[in-house]
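Structure assessment
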Amino acid sequence: MNEPTYTLGANGALFGGETQADDGLIKDTTTQAFMADVIEESSNQPVLIDFWAPWCGPCKQLTPVIEKAVRNARGAVKLVKMNIDEHPEIPGQMGVQSIPAVVAFKDGRPLDGFMGAQTESQVQAFIERIAGPVGPSEADQMMEQAEAARAEGNWAVAAQAYVAVLQAEPDNAAAMAGLAHCYVGAGDLDRATQTLAAIAPEKANDPAVTAAKAALELAEQADKLGDLAELQARVASQPDDHQARFDLAVALSARGDKTDAVDQLMEIIVRDREWNEDGARKQLVQFFEAWGFKDPAAAYGRRKLSAVLFS
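The present account deals with the structure reproduced in this document. In this text the structure is predicted, and so the values were computed from the model without any measurement.

For the rest of this paragraph, the subject is the overall build of the protein chain. Scanning the protein chain from terminus to terminus reveals 14 helices and seven strands. A compact globule built from 311 residues would reach a C-alpha radius of gyration of about 19 Å, whereas the protein chain, at 26 Å, exceeds it by more than 25%. In terms of overall dimensions, the protein chain has C-alpha extents of about 85 × 45 × 30 Å along its principal axes. Summarising the internal contacts of the protein chain: among those between residues at least 6 apart in sequence, 62% fall at separations of at least 24. Entry remark: accessible area of the protein chain is about 16200 Å², with carbon and sulfur atoms responsible for 50%. Charge centroids of the protein chain, computed over 27 positive and 46 negative side chains, lie 5 Å from each other.

Turning our eyes to something else, we now look at a negative patch on the surface. A surface patch of like charges, here negative, comprises Asp190, Glu217, Glu220, Asp223 and Glu289. Sorting elements by how many residues they give to the negative patch places helix α9 (residues 207-223) first, with three residues. Along the chain, Glu220 turns up in helix α9. On the accessibility criterion, Glu220 (34% relative accessible area) is partly exposed.

What follows deals with helix α12 (residues 258-271). The first and last C-alpha atoms of α12 sit 20 Å apart over 14 residues, in line with the 20 Å expected at 1.5 Å per residue. Those residues of α12 that sit buried are Ala261, Val262, Gln264, Leu265, Met266, Ile268 and Ile269. Elements that come into contact with the buried residues of α12 comprise α10 (228-237), α11 (242-255), α13 (279-291) and α14 (296-309).

The next subject is the packing of α11 against α12. Running from amino to carboxyl end, α11 crosses α12 at an angle of 160 degrees, the nearest separation of the two axes being 7 Å. Considering the angle they form, α11 stands roughly antiparallel to α12. For the element pair α11 and α12, the recorded crossing hand is left-handed. For the pair formed by α11 and α12, the contact residues are His242, Arg245, Phe246, Leu248, Ala249, Leu252 and Ser253 on the first element and Asp260, Ala261, Gln264, Leu265, Glu267, Ile268 and Arg271 on the second. Residues of the contact of α11 with α12, tallied by class, amount to seven nonpolar, three polar and four charged.

This next bit is on the pairing of strand β7 (residues 109-115). Each regular strand shows side chains that alternate between the opposite faces of the sheet. When strand β6 (residues 101-106) meets β7, the two strands line up antiparallel, connected through six bridges. When the bridges of β7 are listed, Lys106 appears paired with Arg109. Turn length for the β6-β7 hairpin, with the two strands adjacent in sequence and antiparallel, is two residues, and the turn residue Asp107 shows positive phi of about 55 degrees.

This brings us to the packing of aromatic side chains. A complete count under the given rule lists four aromatic pairs for this structure. When the ring of Phe34 is compared with that of Phe105, the centres are 6.1 Å apart and the planes differ by 85 degrees; the resulting orientation is edge-to-face. With Phe34 in helix α1 (residues 34-40) and Phe105 in strand β6, the pair connects residues that are 71 residues apart, well separated along the chain. Its relative accessible area of 4% is what places Phe105 among the buried residues. Here Phe246 and Trp275 contribute two aromatic rings whose centre-to-centre distance is 5.7 Å and whose plane-to-plane angle is 50 degrees, an arrangement assigned as tilted.

What follows concerns the environment of Arg150. Examined against the element boundaries, Arg150 turns out to sit in helix α5 (residues 138-151). Classification of Arg150 as partly exposed rests on a relative accessible area of 23%. Each C-alpha atom of the pair Arg150 and Leu179 lies 9.3 Å from the other, and the pair is 29 residues apart in sequence. Non-local contacts of Arg150, meaning those with residues more than four positions away in its chain, are made with Trp155, Ala158, Tyr162, Gly178, His181 and Cys182.

So, on to unusual backbone geometry. For the peptide bond that leads from Ile99 to Pro100, omega is 0 degrees, which places it in the cis range. Structurally, the position occupied by Pro100 is in the loop between α3 (89-93) and β6. Backbone geometry places Arg74, a non-glycine residue, at a positive phi of 50 degrees. By secondary structure assignment, the location of Arg74 is in the loop between α2 (57-72) and β5 (78-83).

The next thing to look at is the state of the cysteines. Tallied over the full model, the rule gives one disulfide. The residue that forms a disulfide with Cys56 is Cys59, at a sulfur-sulfur distance of 2.4 Å. What sets the handedness of the Cys56 and Cys59 disulfide is the S-S torsion sign, and at about 85 degrees it is right-handed. Like Cys59, Cys56 is buried.

What counts, and where the lines are drawn
- Residues numbered from 1 in each chain as written.
- Predicted model: local features only at pLDDT ≥ 70, side-chain atom pairs only at ≥ 80, totals over all residues.
- Heavy atoms only, no water.
- Helix = DSSP H or I, 4+ residues; strand = E, 2+ residues; numbered from the N terminus.
- Rg over C-alpha atoms; globule rule 2.2 N^0.38 Å.
- Contact = heavy atoms within 4.5 Å.
- Areas by Shrake-Rupley, 256 points an atom, 1.4 Å probe, with all protein chains shown as cover.
- Lys, Arg positive; Asp, Glu negative; His and termini not counted.
- Charge placed at Lys NZ, Arg CZ, Asp CG, Glu CD.
- Patch = residues over 30% accessible without salt bridge, like charges linked within 9 Å, V, L, I, M, F, W, Y side chains within 5 Å.
- Salt bridge = Lys/Arg side-chain N within 4 Å of Asp/Glu carboxyl O.
- Buried < 20%, exposed > 50% of the residue type's maximum accessible area, 1.4 Å probe, protein only.
- Expected span 1.5 Å × (residues − 1).
- Axes fitted to C-alpha atoms, helices over the stretch in contact; angles between N-to-C directions.
- Parallel < 35°, antiparallel > 145°, perpendicular 65-115°, else oblique.
- Left-handed = near helix turned anticlockwise from the far one by under 90°.
- Nonpolar A, V, L, I, M, F, W, Y, C, P; charged D, E, K, R; others polar.
- Pairing = 2+ DSSP bridges.
- Phe/Tyr/Trp six-rings, centres within 6.5 Å; stacked < 30°, edge-to-face > 60°.
- Disulfide = S-S within 2.5 Å.

Have a look at this one:
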């Protein structure tokens, strides 16, 4: 079954589709085609033969892992899969007694292999033993471009790059979370909500996902606040109006004025640490979560908060 892929429409919508072809990197083989698909083809680059069966649970675990690793190797190796129920002769001749079993061929001869489900890092290490070091995948490179564009507030460029990652890796939670950040930055909170809802439940606690959820919550808070100038005027005329200062901090954060947002919350903490059940400090923590650990404003806020709490 093909996995979903994603495209960003002219209006920014996320549409579903199907993955593109693997350009011959992954294929199924038969007893008759084994010689051409594996033995002869291994003269061009190493070929991994994956022996599997539909009833095999560990096979189902290994399939997405090894296919992703082969795609990431970008032609350094090929993957050929053989269903042992339909084609028992070859695995029988090779002495395969347990599946999944993967054997690497090069220049017509078996080099190395493994049995059982493996982690992504283990499969990558296996491929690098056979084919040599593999540099960053195209998806990894696109992810770096997406993160850089998002850091600059270039939402459209970042979104296109995240979509490119998702076309290669539909289950990439960090890319989905990054796309949600782009929707938040562009003010499309409905699509941000839809994007986060599409993330698999088991990845709900991924740091990138929790950061995107925090950013969405902040944007929703800011969306309900009054005019920024009005909040600033209220704080200027009534410095002890902590609710107005709190709302101003949230509004400033939504505008990208993160350092000013930190300063406003720190002012509340200095004036009245217990206000609203320590609400200013809790809001700062949510800022840090939404902005990310490496964000300069988050680091600035942590330093200021530590200086006050531990002075």
